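The residues making up each chain are set out below.
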Amino acid sequence: MEQLIINMAIGDPDKPSSSHILQVMHEAIDDAANHNYPLYQGTKEFRETTAKSMESPFGVTGLNPNTEVVSSIGSKEAIYNTFNAQCSNP
């Protein structure tokens, strides 16, 4: 019986990045405004965009970006935090 295994390892690109993507990345690296860690909860623009992005593909509307959108540094953290929040609050 074949089993579906989800690989949760770090991403490993198998193709080089396009030159236009590299150019934008270099511009962002050179911009001193990007030399700090972002807010842990994510920027306001990030949370608003994330809330809006749930509408079209998933039909989820009316999300409050200040109280219902959480950023994470990766899927493992998000999955852990989801289960931890559910199990920690009876």
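Some points on the overall build of the protein
Scanning the protein from terminus to terminus reveals 4 helices and 0 strands. Along its sequence from the N terminus, the protein presents helices and strands in the succession α-α-α-α. Since a compact globule built from 90 residues should have a radius of gyration of about 12 Å, the 17 Å found for the protein marks it as more spread out than a globular shape. When the backbone C-alpha atoms are referred to their principal axes, the protein occupies close to 45 × 45 × 30 Å.

Description of the side chain of S71
Mapping S71 onto the fold places it in the loop between α3 (55-58) and α4 (75-88). Assessed through its relative accessible area of 11%, S71 is described here as buried. Of the polar contacts made by the side chain of S71, one reaches the backbone nitrogen of G42; its length is 3.5 Å. When residues no more than four places from it in sequence are discounted, the contact partners of S71 are Y40, Q41, G42 and F46.

Looking at the pattern of salt bridges
One pass over the full model with this rule turns up 2 salt bridges. The salt bridge involving K44 is made with E48; its shortest N-O contact spans 3.8 Å. In this pair, K44 and E48 are both assigned in helix α2 (residues 44-53), 4 residues apart and thus about one turn of the helix distant. Among the residues examined, E48 registers a relative accessible area of 37% and is labelled partly exposed. For E55, the salt bridge is made with K52, and the minimal N-O distance between the two is 3.2 Å. Overall, K52 belongs to the exposed group, its relative accessible area being 55%.

As for the side chain of E77
Following the sequence through the fold, E77 ends up in helix α4. Notably, E77 is buried but unbridged: the nearest opposite-charge side chain belongs to K76, and the N-O separation is 12 Å. There is a polar contact of 2.6 Å between the side chain of E77 and the backbone nitrogen of I73. With residues up to four places along the chain from it excluded, the contact list for E77 reads Y40 and S72.

So, how was this worked out
- Residues numbered from 1 in each chain as written.
- Predicted model: local features only at pLDDT ≥ 70, side-chain atom pairs only at ≥ 80, totals over all residues.
- Heavy atoms only, no water.
- Helix = DSSP H or I, 4+ residues; strand = E, 2+ residues; numbered from the N terminus.
- Rg over C-alpha atoms; globule rule 2.2 N^0.38 Å.
- Buried < 20%, exposed > 50% of the residue type's maximum accessible area, 1.4 Å probe, protein only.
- Polar contact = N/O pair within 3.5 Å; in protein donor to acceptor, adjacent residues only side chain to side chain.
- Contact = heavy atoms within 4.5 Å.
- Salt bridge = Lys/Arg side-chain N within 4 Å of Asp/Glu carboxyl O.
- Lys, Arg positive; Asp, Glu negative; His and termini not counted.

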